[in-house]
Amino acid sequence: MGMRLLDGVFSVMKVNSNSKAQRTLGCVLLALAVCLLAGAGDPTSRFNDLGHQLMCICGCNQILLECNHVGCPDSDGMRTELMAAVSRGDSDSLVQQAFIQKYGPTVLAAPLTSGFDRTAWILPFVALVLGFGLVVVVVRAWKNRPTPALADGLRPAMGGELDRFREQARKETEL
Amino acid sequence: MAQIGSFALLFAFALSVYCFAGGLVALISAGPNSERLGETARRAGIALFAAVLLAAVVLVVAAFRNDFTIAYIFHHSNRDLPGPYKFATLWSGQEGSLLFWSLLLAGYGFVLRLRYKTDPRLFAYASVILAGVQIFFLALVNFAANPFGVLQGPLRPDGSGLNPLLQYPEMVIHPPMLYLGYVGFTVPFAFALGALIMKYPGEKWIHITRRWTMVTWGFLTCGIFLGAHWAYSVLGWGGYWGWDPVENASLMPWLVGTAFLHSVMMQEKRGMLKVWNMWLVFATFWLAILGTFLTRSGIISSVHAFAQSSIGDWFAWFLAITMAVFVYFFFKNKDHLRSEHKLESLVSRESSFLFNNLLFLLLCLDVLWGTWFPKISELVQGNKVTVGAPFYNRVAIPVALLLLILTALGPLLAWRKTSFESLKRNFKWPTLGALAVMAFLMLSPGSWGSPFGLRPWQDISYFYSLMAIGLAVLVALTVASEFYRGGKVISNHTGQGMFASMVQLTHRNTRRYGGYIVHFGVVVVIIGLAGAAFNQDKEQEMGYGDKMTIGSYTLVCRSYTDEEYPNYAAEWAVLDVYKDGRQIDTLTPERRFYKASQQTSTMPFIRSTLAEDLYLVYEGINQDTGHPILKAHLNPLVMWIWLGVWIIIAGTALALVPNAPAPVHVPVARRVESSATATPVPTAGD
C-alpha cells in the first residue's frame, strides 16, 4: 500500500513537471508520505496502537492497554491474543475482525469505517463543512442588508469617506 | 427523622406550586390585588428554600446518627465512615443527589427573589419559571425518588457503606461544584424565557443573565476539572478524561454556555444575534437537564451512571415540556428579537464570534453524537458499538485546534471591520514567536520519551501535540500583546510603570481583561493536555530490592506491607525513587479493601512536577510469588492542567468584579500635544 502511494506521488510529479509550484507540491507530498510511512511496521508500536483501539470487555469500560485490574478475567488473555496476532503479521483489519468475531462489536474502542458505523465518522465532518458554509452565507447576507436610516437627516459615512475616517482613526490610535 | 424530612419535602412542594401558580396569576391578571399576590408568591419562593434546606439537613443528620431505618442512609453510609464522607452521603446516591439538586435550585431562587428590586417585573417572570422547574424536581423527590423511604424488616446494625471510589476528599467538593453549574444554568434560562415572554425592552436582561451565566460557568468549570482530578487521583488508570457519557454530559452544557458567553457580547455591543443568544441560553439549560437524564435513566451505559430507574421517563417528559414551552414563546414573540445592526465585514470581531460559536457548537455536536451513537446503532443495526477516546480524539481535536486559532485571532479583530494591514501588524510577532517555539520543539535534541525531539510526522498524536502547543503559545502571546499595548497607553498617559499600568488597565475593564486571563488559563490547560501524547507506562512485579526504570526515574522496592483500619484494610508498597543516581523521594502507592461495601479501590501515589508526573499504582499481590505488582506511569505536563484551571477561575472571578472608573490624569492641552503618539485607553465599552 505504501509503495502504491509513493508511485502515485511520483506520477503526480511526472505529469506536472513543467510547473515549478506543482513540483514543489509533489516534493512536499513525497516527504510527507515518507515520513508517515516510516516505522509503520514496528510490532511494538503496532501492538500499542491496536491495543489502544480495543476495549477490555470485563465491564470496566477501559481501553484494553489501560485496564488496571489485577486479576481482571479478560485483559491479560486479550493482550496475549493481540501480541500473537501482531507477531504473526496479521493486518490491522484482520486483527480487528478476529476480535469482533470473538468478543462482539463493542470490543472496538471506536466505530468501524464501514456500513452504518461510517455515519459516526462522516456526520461530524459534514457538520463542520456545512457549518462553515452556513456562517459564510449568514455573514454575506447580513453584509448585504440595507443600512438602517438615521433620524434627523443624518447621513452615515460611506465608501471613500468612511475609509478616510478609518485611516484617520488608525493613525491617531497607532502605538 | 424520616417523617420530618418527608414533611419538609412535601411542604416545599406545596410552596413551589404556590410560588408558580400565584406568581403566574399575578403576572397575567391586572387586578388591584395582583401585586400583593405576586409578593406572597415571591415569599413562598423564599420560604421553600428553608423547607428544602430542612430536608437536606435532616438527611445529613440521619447519616451522622447512623439512622439505618432510612433506606438511603443504609445504602450509602456505614458506622465507620469518616465525617466528611457522611456529609457527602447527601449527594452520593440517586435520591439524595436529586434532593441536593432541589436544594441548590431553591438556593439560587432564594438569591434571585431577594434581589427582585433590580427589575421587579423581569424578576417576577424569572421567579415563576424557576418555580416551574422547582416543581419538577420536588415532585421527583416526593413521588419518584424519595430519600426518606423507610427500610422494611428488622433494624440493620450497619449500613452498606459509601462507594469506595467516592471516599476521596475531592468527592466532598466535586459534586457540589458540578451541580452548582448544572442547576445554575436554570437562572439564565429563566431570565431569557421571561424576557422573551414579556418582550423585554432593551438589553438589561442580558447584562443580568450574563453575570449569572459567568458564575454558573465558573462553577461548572471547577466541577468538571475537579472530576478530572478525582479520576486521575483515584481511578488508577493514569488518565483524567475517559470520554465517558457522564463526563460528556457535563461537557456539553459547558461548551454551549461558553459559546453564549462569547456571543452575548455581540448583543450587548451591537444589538445582534438576539435570536441566537436566546437559543443558546435555552440549549445550555436543556443540555444540563439532558445530561442529568443520561446519568439517571440508565439509557446510556456508563461506569459513572446511577442505577437504572423509572425517573428517566420523568426527565424525558420534562425535557419535552420545556422544549415545547420555549418553542411556543419563541415563535410567538420572535419579532421582538430583530437585529439592530448589519454585519460589515467578514474580517471583524462579529464574524469571529460567529465562527467561535460555530466551533463550540460543533464540538458539542461531536460529543452529543458520540454519546448517543451506541444507542442509535442499537436501534438501527440491532447491536451496540463502543464510542471511546479514539473517536473523540479524531473528530474533536481538529475542531479544538481551529478554536485555538480563533482564540488567538479574535482579540486582535476590531468591531465592525478590521483591515488586513492592522491584522498583519498585530499578528506578526505572536506568529513568529509561536513558529519559533514549534521549531525549537522539533529541532531540540530530546523531549519526553523521545530522544529525537517532537517529531510530528512520527505519530498523529505528536502532530496534534505540536500544533496544540504552537497555537497555545500564539494565544498566550496575543493575550500578552493586548495587555502590553493597553498598559503602554496608560503608562504614556500617567507616567506609571508598565506593571502598574497593566493592573489599572485590568481594573478599568475587568470583563475584557478577566476574559483574556481565562484565555491564558485555557492555553495553560491545553499545553498540559498536549503532554498526553508522550505518556509512558510500565508494569512490573517487584520483590524486595527489585528495580523498575521508567523515563529518567529508577524505582526500588524497599518494602511492602498491609494494615487494618476501622473502615478498610490496606496493602501498600514503599518505593524509593532515584533520578540521576540520587534518591529524590519515597512513594507509597496503596490498595484498599472497604469492609462495608466489600469493594477494593486503588490509591495511586503521584509525584507531580511541572515537567511530569510520576504516577504509581499498587495493583495487588501476585498470589504465586507473594510480590506486589506495580504499574508506573510517566505523564508529562499534567500539572499544567491544574494550574491552568486556577488561572481560569481567577480570570472568571476578575471578570465578575465591577469596573473601576477611569480617572482623568492629563489636562486636555497636554493630551492634544501628545495625540500624535497616543492611543485611546481601552475602556469598558471595548
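Criteria and thresholds
Residues numbered from 1 in each chain as written. Chains lettered and ligands numbered in written order. Predicted model: local features only at pLDDT ≥ 70, side-chain atom pairs only at ≥ 80, totals over all residues. Heavy atoms only, no water. pLDDT = per-residue confidence, 0-100. Helix = DSSP H or I, 4+ residues; strand = E, 2+ residues; numbered from the N terminus. Contact = heavy atoms within 4.5 Å. Core = buried A, V, L, I, M, F, W, Y, C linked by side-chain atoms within 4.5 Å. Buried < 20%, exposed > 50% of the residue type's maximum accessible area, 1.4 Å probe, protein only. 1 Å grid on protein atoms, 1.4 Å probe; cavity = no way out; pocket = protein on both sides within 12 Å on 5 of 7 lines; lining within 4 Å. Points joined across faces, edges and corners; volume = space filled by probe spheres on them. Salt bridge = Lys/Arg side-chain N within 4 Å of Asp/Glu carboxyl O.

**Describing the confidence of the model for chain B**
Residue and element names in this part refer to chain B.
- For chain B, per-residue confidence averages 85 on the pLDDT scale, and 93% of positions sit at 70 or higher.
- The least confident element of chain B is helix H20 (residues 668–673), whose mean pLDDT is 46; the most confident is helix H19 (residues 638–656), at 94.
- Counting interchain partners and residues more than four positions distant, the pLDDT-below-50 stretch residues 667–686 has 37 contacts.
- Two numbers describe this predicted complex: its pTM, 0.84, and its ipTM, 0.79.

**Quick look at the nonpolar core**
Residues and elements named next belong to chain B.
- Grouped together as the largest cluster of nonpolar side chains are 156 residues, with contacts concentrated most on Leu99, Phe137, Phe148, Phe191, Phe315 and Phe391.
- For this core, the leading source of residues is helix H6 (residues 120–144), giving 14 residues.
- Residues within four places of Phe148 in sequence aside, it is in contact with Ala2, Gly5, Ser6, Leu9, Ala55, Val58, Leu59, Ile70 and Leu99.
- Ranked by size, the runner-up nonpolar core spans 35 residues in total, among them Leu401, Leu413, Ala468 and Leu637.

**Re empty space enclosed by the protein**
Residue and element names in this part refer to chain B.
- Evaluation of the coordinates by the stated rule reveals one cavity of 30 Å³ or more.
- As a volume, the largest cavity reaches approximately 40 Å³.
- Lining the largest cavity we find Phe185, Pro188, Thr213, Gly257, Phe260, Leu280, Val281 and Thr284.
- Listing elements by their share of the lining of the largest cavity, those giving two or more residues are helix H10 (245–270) and helix H11 (274–297).
- Counting residues per element, the lining of the largest cavity draws most heavily on H11, at three residues.

**Some words on the environment of Leu48 of chain B**
All names here are of chain B.
- Mapped onto the elements of the fold, Leu48 is located in helix H2 (residues 34–64).
- Leu48 gets classed as buried once you look at its relative accessible area, which sits at 0%.
- Remark: the alpha-carbon pair of Leu48 and Leu9, spanning 39 residues in sequence, is separated by 9.1 Å.
- Residue contacts for Leu48: discarding those within four places in its chain leaves Ala12, Leu15, Ser16, Ala106, Gln134 and Leu138.

**Considerations on the pattern of salt bridges**
Residue and element names in this part refer to chain B.
- In the structure shown here, the tally under the stated rule is 14 salt bridges over all chains.
- Residues Arg210 and Glu268 are paired through a salt bridge, measuring 3.4 Å at the closest nitrogen-oxygen approach. With Arg210 in helix H9 (residues 204–235) and Glu268 in helix H10, this pair connects stretches of sequence that are 58 residues apart.
- The buried category is assigned to Arg210, whose relative accessible area is 10%.
- Taking relative accessible area as the criterion, Glu268 reaches 17% and is therefore assigned buried.
- A network of salt bridges, in which partner residues are shared, links Glu39, Arg42 and Arg43.

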